[in-house]
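The chain contents come next:
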Amino acid sequence: MIYVNSTVLIITRETLHDISLTMFNISNDLTPTASCWNTTHSAYEFDLLPVLYSIIFILGFIGNILVITVLCLQGDVKTVASIYILNLAVADTLFLTSLPFWATYYSFRLNWMFGKAMCKISSSLVSLNLFASIFFISCMSVDRYLAIVYPLRSQRRTLTQASLVVFAVWSLSIIFSLPTFYFRNIYYIESLGVHACVMDFPKETYATWCVALSLVKICFGFFLPLTTIGTCYMMIALHLKKSKGPIINKQNRDRVLKIVSAIVMTFLICWLPFHLLTFLDALLRMGIIKDCRIEKSVEAAIPISVCLGFSNSCINPLLYCFVGNQFRENFRNVFDFRLSQRLKNQHSTSRKGSDPKVQELSHLKKDTMV
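Overview of the structure. (Residues numbered from 1 in each chain as written. Predicted model: local features only at pLDDT ≥ 70, side-chain atom pairs only at ≥ 80, totals over all residues. Heavy atoms only, no water.)

1. Some points on the pairing of strand E4 (residues 194-199)
Note the cut-off: Here's how the labels work: a residue is buried when its accessible area is under 20% of the maximum for its type, exposed when over 50%, partly exposed in between, all with a 1.4 Å probe on protein chains only. A run of H or I in DSSP becomes a helix once it reaches four residues, and a run of E becomes a strand once it reaches two; helices and strands are each numbered from the N terminus. Two strands are said to pair when DSSP picks up at least two bridges between them.
The buried fraction of E4 is high, at 5 of 6 residues. For strand E3 (residues 184-189) and E4, the ladder comprises 6 bridges, and the chain directions are antiparallel. Considered in E4, the bridge of Ile 189 is made with Val 194.

Structure, rendered in structure tokens:
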């Protein structure tokens, strides 16, 4: 262990894997044995993570910007669902803007070159998205449940109510992200020769902060949203299976069920590994688990689980927008309108160019220039 300004910094997995989404700072009551110290596997992270982060940034940024553009240009933010989708895209876009910084951070082997302010801001954006995106997905699940199971009652929903929910979601997400913003700091680690962006917990309560924040993320960032999403979609599936109607309704019902299944499975695939490993990491910190094999497995798997969680920002636009007929229609309308405007302008310009007076004016300008 290295003590810097009364703060415990680790040269093992805690420093090598440190990123704001995961509190990889070992506690004072967890002192790994020599056999648990493992830094050999970390080299692949410096090569692989920047590539994965770059791919997630490019795909996710394009997809979410398209969603925001289409919703705003079409003026389609007139329903409760569209308000949630727009805010989900905004949350994902804010997070994605931090990925180039983290890709650079790993490319230069944990050397943070963007200053203390960006260390705090980039880390906070990751934490903010962790909560905001999952909260908005939960809101969309509840909204979809009300719209399908209680279609008449759901018509009473207003944009004002949705706006209040959005305000509450952003407020809660910011509150949950305040510890990350407060404790993030930059320290020079002499043995590595880098300025690392790490969590600066007080030495006396280091273990408590690590475990507490991990459990907060698991409970409020995964377990409760998962319970909400799973309950809503289970009720939707039961309702649709009980409903009776012609063949066309059956086809629509099957399509909705497939989308529902895709949403739940995507949520689990993206976030379950990360939160499961976070829970195991908390148990290791508390000394409940003292198995070096488990510790090494956790530290080796955490970077990939983080990428899986990050990839959810790429998948969200596909699941919640591009699979919907209404959004695809709006998407075509926006670009068809832009294309028609461009063709109209080109046609107008060509007509002006053929005007004799315009041609004469053009010749006069040339003569003046000469």
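2. Topic: unusual backbone geometry
Positive phi is not limited to glycine here, since Arg 109 has a value of about 55°. As for its position among the elements, Arg 109 is in the loop between helix H4 (99-107) and helix H5 (115-149). Look at Leu 110: it is not a glycine, yet its phi comes out positive at around 70°. With respect to the helices and strands, Leu 110 occurs in the loop between H4 and H5. Owing to a relative accessible area of 0%, Leu 110 belongs among the buried residues under this scheme.

3. Focus on the packing of aromatic side chains
Threshold: Stacked, edge-to-face and tilted labels apply to pairs of Phe, Tyr and Trp rings (six-membered ring for Trp) whose centres lie within 6.5 Å, assigned for plane angles under 30 degrees, over 60, and everything in between, in that order.
Scanning all chains against the criterion turns up 23 aromatic pairs. A centroid spacing of 5.1 Å and a plane angle of 50° characterise the contact between Trp 102 and Trp 112, whose relative ring orientation is tilted. Placement of Trp 102 in helix H4 and of Trp 112 in the loop between H4 and H5 is noted, with a sequence separation of 10 residues between them. Across the pair, exposure class does not vary: Trp 102 and Trp 112 are buried alike. When the centroid spacing of 5.8 Å and the interplanar angle of 80° are considered together, the rings of Tyr 145 and Tyr 150 count as edge-to-face. Here Tyr 145 falls in the buried class, since its relative accessible area comes to 17%.

4. Structural notes on the state of the cysteines
As a reminder, the rule being used: Criterion for a disulfide: a pair of cysteine sulfur atoms within 2.5 Å.
All chains considered together, the criterion is met by 1 disulfide. A sulfur-sulfur separation of 1.9 Å characterises the disulfide bridge that pairs Cys 119 with Cys 197. Residues Cys 119 and Cys 197 share a disulfide whose torsion about the S-S bond is about 85°; that sign makes it right-handed. One end of the pair, Cys 119, is in helix H5; the other, Cys 197, is in strand E4, with 78 residues separating them in the sequence. Note on Cys 119: relative accessible area 0%, which makes it buried. With no disulfide of its own, Cys 232 lies 10.0 Å from the sulfur of Cys 139, the closest cysteine sulfur.

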